[in-house]
Amino acid sequence: MTGTIAKFLKTKVSLFRELSEERITDIVKASRVAYYEINEPVIRLGEEATFLGVLLEGELKISGVAQGGIQRQVGFFKKGDTFGEMALMSRERIIADLIATTHCKILRIPVEVFQSVLMSEPVFLQYVSKTIMDRIKQLAEDPNKASLTLQTGDDPTALILKGERPEKILVINSGSSSIKYAFFDSENKENRASGVVERIGMSGTLLKFKGPRGEVKFELEKGGYSEALHSILKVLSDKKTGVLKNPADISVVGHRMVHGGEKFSESIVVNDEILEELEKLNPLAPLHNPVNIAGIREARKVFSSVPHVAVFDTAFHSTLPSYAYLYGLPYEYYEKHGVRRYGFHGSSHSYVCLKASRFLQKRINELKITSCHLGNGASIAAVEHGRSVDTTMGFTPGEGLIMGTRSGDVDPGVITYLQREEGLSNADIDQLLNRKSGLLGLSGISGDMREIEEAAATGNTRALIALKAFSYRIRKYIGAYMAAMGGTDVIIFTGGIGQGSPGVRSLALQGLQCMGIHLDDQKNRDADGFNGGVSVISADDSPVKVLIVPTDEEKMIARETLRAISRSYLKDVRKTQQTEPFLLEVSAHHLHLSKEHVEILFGKGHELTWHSDLSQPGQFACKEQVNIIGPKGSIDRVRVLGPERKETQIEISMTEQFKLGIHPPIRESGDLNGTPGCTLEGPAGTVTLEKGIICALRHIHMHPEDALKYGVKDKSTVRVKVMGNRELIFGDVLVRVSPNYKLAMHIDTDEANAANLKTGDMVYIDGIQHETL
């Protein structure tokens, strides 16, 4: 059968015509043939692409989803057609259902085989790119079909663990004397286990395990990380209680890393060079990173044949703007020592925000979320349209909220005062702030909120003060983050206290009805924060939803581990392509007008007048100009860009906001909710806007063909390096992909002046920071 299929590929399938017969035969041998019955799904919308499909016999129906969840037919695949190329190349999920309309025979070429052919056969890559572009063009010619399949945003399977192949994932969190672990099976979500090894390196080492077939606990002989990891592997593969048939079934290991600094803004596959870079970050987290790295080193010896991935607590907060992460210290300390706010609990905040958006059936990029992770360690994150824009923890996990034994925010003058008056050393200060403060220090009883609430209920004054201080700090930050984001849609409680304490939740939201936050006391008391899934505890008519969302940091680490593996599988073939330079353009202040506002500002029936073409197809500078008037001052003769848009939008630079007396957010074009307004003055009239002013997020316009070449997708965030003698890297650059775009990067005049850049300079992609969730 191999020879027959190889001959069919060579003669009937365009992708394979330029490959040698020997190479095609090897591909067929490494693949498998699958058979499907009528109406059986071959692959579903939102799934990860794990193979390149070749339809050997039969017919497949392509179905998209219209608004309201109704299935609509888009087209068909016939004998000899291939599918899955776009998802494999772009790392996007499948954009339509493929359903067998007849009995079908399909050759499933594994992703690793597809990758190897791409890397060794340039002509194959050319054919793949051409096939994808032909399909994009066909869809673009039919807007109805395009709307069904080319939708961007969140997919319903984003929290499902699924990789390029079936994966058995071990998640490890190495501490100074313990290893927490969790096991996930991408093909069977019930086959999950977790546990901990305590007192590593000491007598009385204890291993705990919980799996679908029961729990075990037993003592181990005294040993180090290596012995602990071997014991974990042994209990995972135990015939009576384990979840593995064979210890060798572990296919990937994900490691929690506390601190990634500014360099590591996304999970990454670990090698020796990466470990060396991670060790340079040890001074930023001296209590955590060294032991995390030690755990990775030992795990790479025990699980030597599988990839290892580092997942960073700080990565989720890498989108904080500079005005939110900088301290009011001399700037040189940031430049020399990286002294800035980094934020932590990223895996938890990211998970619960995604979970909440699914529960509410809204895209995360439509929501403003205040996420409260309350446990022995506690932090709040302001998440605006999927991006963390502020968080309570800072340079270390000690800033922000009052915690179990950590002080949270404290006047730095207190430290120098105690050093003088009490003679405290640096080590004493560290112990004071991290081990003796917080709930423990205030109450004198415990750092455990359950014990604090019990004591407060009996009238213990210090326990009651600790409870009120803890809740007040939360309430204060919720209000602050509502101001920072211009409102909030959702408040999330998670973590041991957030999920388990109705009293803390009630106190934290007390008096916030003026902000549209209405708690339902009965729902709050009755909610099971640990076993009941997502719970709504706000009143039915509350403008702001209040949710309890059980966190699952281990699952999020497993998810990010698979995403890192997925990102890396085509990295080598794209590496040389990503260094190809492209054009930089500097955008001065400008505005886009709606039809209604054009007529108010320039007269009824007025049409925008062409002045000059812009680089992006179909866009042009107009002869029309208007004045922008703010509370403090104005900017005169600002040029209008055409054509007209649905909503009026004004883009200014950061320095110009001071001239106007407003503070616009840094946003993607078109994302105007919660933005400030102004007055526009034209020759025929004025318009007062309630919203519409932004500082545009630096971005790259790309045609889909460019996105394939550079290995990015719509809404990816990349680093861009400027070519020339003065090396400069721009981070947090948004990629926007559309068939209507031409390749170019846009920055504003402030950024250009600061870097001494001009339109016509050349840049290239230095690396991918983030990809859409």
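Source: prediction; values computed, not measured.

1. Quick look at the overall build of the protein chain
Piece 1. Each helix and strand counted, the protein chain has 26 helices and 37 strands in total.
Piece 2. The globule rule puts the C-alpha radius of gyration for 773 residues at 28 Å, and the 28 Å found for the protein chain is close to it.
Piece 3. The principal-axis extent of the C-alpha atoms belonging to the protein chain is close to 80 × 75 × 60 Å.
Piece 4. Residues classed as buried in the protein chain amount to 53% of the 773 residues present.
Piece 5. Nonlocal contacts in the protein chain, meaning residues at least 24 apart in sequence, comprise 68% of its contacts between residues at least 6 apart.
Piece 6. Per element, the accessible surface of the protein chain, about 34,900 Å² overall, is 49% carbon and sulfur.
Piece 7. On the protein chain, the mean spot of the 93 positive side-chain charges and the mean spot of the 97 negative ones are 3 Å from each other.

2. Side note on a nonpolar patch on the surface
Piece 1. Taken together, Leu 583, Met 723 and Met 762 make up a surface patch of nonpolar side chains, about 230 Å² in accessible area.
Piece 2. Note that Leu 583 resides in strand 23 (residues 582–587).

3. Some details on the packing of helix 8 (residues 272–279) against helix 9 (residues 289–302)
Piece 1. It is the contact of helix 8 with helix 9, at a shortest axis distance of 10 Å, that shows an interaxial angle of 165°. One element, helix 8, and the other, helix 9, form an angle in the roughly antiparallel class. The handedness of the crossing between helix 8 and helix 9 is left-handed. Of the residues in helix 9, those touching helix 8 at Asp 272, Leu 275, Leu 278 and Glu 279 are Asn 289, Ile 293, Ile 296, Arg 297 and Arg 300.
Piece 2. Broken down by class, the residue content of the contact of helix 8 with helix 9 amounts to four nonpolar, one polar and four charged.

4. Concerning the environment of His 345
Piece 1. Along the polypeptide, His 345 turns up in the loop between helix 11 (331–337) and helix 12 (346–360).
Piece 2. A relative accessible area of 11% means that His 345 is categorised as buried.
Piece 3. For the pair His 345 and Ala 381, spaced 36 residues apart in sequence, the C-alpha separation works out to 9.1 Å.
Piece 4. Of note is the side chain of His 345, whose polar atom sits 2.8 Å from the side chain of Ser 379.

5. Overview of the pairing of strand 22 (residues 545–548)
Side-chain positions along a regular strand alternate between the two faces of the sheet.
Piece 1. Taken together, the four bridges between strand 20 (residues 490–494) and strand 22 define a ladder with parallel strand orientation. Across the sheet, residue Phe 493 finds its bridge partner in strand 22, namely Ile 548.
Piece 2. Summarising the sheet, strand 21 (residues 535–536) and strand 22 pair through two bridges and their orientation is antiparallel. Bridge pairing links Val 536 to Leu 547 in strand 22.

6. Details of the confidence of the model for the protein chain
Piece 1. Mean pLDDT over the protein chain stands at 88; residues scoring 70 or higher make up 92%.
Piece 2. Low confidence marks residues 66–70, where pLDDT is under 50. Its contacts with residues over four positions away, or in another chain, come to four contacts.
Piece 3. Overall, residues 146–157 carries pLDDT values under 50, and its contacts beyond four positions in sequence, including any with other chains, amount to 33 contacts.

7. Notes on the environment of Thr 2
Piece 1. Residue placement: Thr 2 occurs in helix 1 (residues 2–12).
Piece 2. As a C-alpha pair, Thr 2 and Ile 27 span 25 residues in sequence and 9.7 Å in three-dimensional space.
Piece 3. Residues contacting Thr 2, with those up to four places away along its chain left out, are Thr 25, Val 28 and Lys 29.

8. Points about the sheet that holds strand 8 (residues 104–110)
Piece 1. Ordered in space as 1-8-3-6, the four strands form an open sheet in which the pairing is antiparallel. Of all the strands in the sheet, just strand 1 (32–36) and strand 6 (82–83) have a single pairing partner and so form its edges.
Piece 2. Looking at chain direction, strand 3 (residues 51–57) and strand 8 are connected through six bridges and run antiparallel. Its bridge partner lying in strand 8, Phe 51 is registered against Pro 110.
Piece 3. On the sheet, helix 1 packs against strand 1, strand 3 and strand 8 and is oriented at approximately 100° with respect to strand 3.

9. Some points on the nonpolar core
Piece 1. Ranked by size, the top nonpolar core spans 47 residues in total, and within it Leu 9, Phe 16, Leu 60 and Phe 124 carry the most contacts.
Piece 2. Grouped together as the second largest cluster of nonpolar side chains are 40 residues, Leu 374, Ala 455, Ala 527 and Ile 548 included.

10. With respect to the packing of helix 7 (residues 225–236) against helix 9
Piece 1. Contact geometry for helix 7 and helix 9: axes closest at 9 Å, N-to-C directions at 60°. When the axis of helix 7 is compared with that of helix 9, the two are oblique. Where helix 7 crosses over helix 9, the two elements pack in a sense that is right-handed. Where helix 7 abuts helix 9, its residues Tyr 225, Ser 226, Leu 229 and His 230 lie against Val 291, Ala 294, Gly 295, Glu 298, Ala 299 and Val 302.

11. What to know about unusual backbone geometry
Piece 1. The residue after Gly 642, namely Pro 643, is reached through a cis peptide bond having omega 5°.
Piece 2. With respect to the helices, strands and loops of the structure, Pro 643 is situated in strand 27 (residues 634–645).
Piece 3. Unlike most non-glycine residues, Asp 732 shows phi in positive territory, near 60°.
Piece 4. Note that Asp 732 resides in strand 35 (residues 728–737).

12. Let's talk about helix 2 (residues 21–29)
Piece 1. Restricting attention to buried positions, one finds in helix 2 the residues Ile 24, Ile 27 and Val 28. Mapping the buried residues of helix 2 onto a view down its axis gives an arc of 100°, with all of them on the same face. Exposed positions of helix 2 whose direction lies more than 90 degrees from the buried face are Glu 22 and Lys 29.

13. Description of the packing of aromatic side chains
Piece 1. Taken as a whole, this structure holds seven aromatic pairs when the rule is applied.
Piece 2. Between the aromatic rings of Phe 51 and Phe 83, the centroid separation amounts to 6.1 Å while the plane-to-plane angle is 80°, which identifies the pairing as edge-to-face. Here Phe 83 lies in strand 6 and Phe 51 lies in strand 3, a separation of 32 residues in the sequence.
Piece 3. A relative accessible area of 4% places Phe 83 in the buried class.
Piece 4. Every member of this aromatic cluster is reached through a ring pair, and the members are Phe 51, Phe 77 and Phe 83.

14. Side note on the pattern of salt bridges
Piece 1. Going through the model one piece at a time under the given rule, you end up with 30 salt bridges.
Piece 2. Residue Arg 559 is joined to Glu 560 by a salt bridge in which the shortest nitrogen-to-oxygen separation is 2.6 Å.
Piece 3. Residue classification places Glu 560 among the buried residues on the basis of a relative accessible area of 13%.
Piece 4. Across the pair Arg 667 and Asp 671 runs a salt bridge whose closest N-O atoms are separated by 3.4 Å. This pair shows no difference in class: Arg 667 is buried, exactly as Asp 671 is.

15. What about the sheet that holds strand 18 (residues 378–384)?
Piece 1. Reading across from one edge, 19-18-17-20-22-21 is the order of the six strands in this open sheet, with mixed pairing throughout. A single partner strand is all that each edge strand has here, and the edge strands are strand 19 (387–391) and strand 21.
Piece 2. Where strand 18 and strand 19 come together, four bridges link them in antiparallel fashion. Within strand 19, the residue paired with Val 383 across the bridge is Ser 388.
Piece 3. The strands touched by helix 17 (residues 461–485) within the sheet are strand 17 (368–374), strand 18, strand 19 and strand 20, with strand 18 carrying the most contacts at an inclination of about 15°.

16. Things to note about the side chain of Thr 391
Piece 1. Following the sequence through the fold, Thr 391 ends up in strand 19.
Piece 2. Not counting chain neighbours up to four residues away, the residues in contact with Thr 391 comprise His 317, Leu 320, Arg 341, Gly 343, Ile 380, Ala 381 and Tyr 481.

17. Side note on helix 23 (residues 595–602)
Piece 1. Turning to helix 23, its buried residues are His 597, Val 598, Leu 601 and Phe 602. Across the axial projection of helix 23, the buried residues extend over an arc of 105°, all falling on one side.
Piece 2. On its buried side, helix 23 packs onto strand 24 (590–594), strand 26 (620–629), strand 27, strand 30 (679–681) and strand 31 (686–688).
Piece 3. Phi for Gly 603, located one or two positions after helix 23, is positive at around 115°.

What counts and what doesn't
Residues numbered from 1 in each chain as written. Predicted model: local features only at pLDDT ≥ 70, side-chain atom pairs only at ≥ 80, totals over all residues. Heavy atoms only, no water. Helix = DSSP H or I, 4+ residues; strand = E, 2+ residues; numbered from the N terminus. Rg over C-alpha atoms; globule rule 2.2 N^0.38 Å. Buried < 20%, exposed > 50% of the residue type's maximum accessible area, 1.4 Å probe, protein only. Contact = heavy atoms within 4.5 Å. Areas by Shrake-Rupley, 256 points an atom, 1.4 Å probe, with all protein chains shown as cover. Lys, Arg positive; Asp, Glu negative; His and termini not counted. Charge placed at Lys NZ, Arg CZ, Asp CG, Glu CD. Patch = residues over 30% accessible without salt bridge, like charges linked within 9 Å, V, L, I, M, F, W, Y side chains within 5 Å. Salt bridge = Lys/Arg side-chain N within 4 Å of Asp/Glu carboxyl O. Axes fitted to C-alpha atoms, helices over the stretch in contact; angles between N-to-C directions. Parallel < 35°, antiparallel > 145°, perpendicular 65-115°, else oblique. Left-handed = near helix turned anticlockwise from the far one by under 90°. Nonpolar A, V, L, I, M, F, W, Y, C, P; charged D, E, K, R; others polar. Polar contact = N/O pair within 3.5 Å; in protein donor to acceptor, adjacent residues only side chain to side chain. Pairing = 2+ DSSP bridges. pLDDT = per-residue confidence, 0-100. Core = buried A, V, L, I, M, F, W, Y, C linked by side-chain atoms within 4.5 Å. Arc of directions from axis to C-beta. Phe/Tyr/Trp six-rings, centres within 6.5 Å; stacked < 30°, edge-to-face > 60°.

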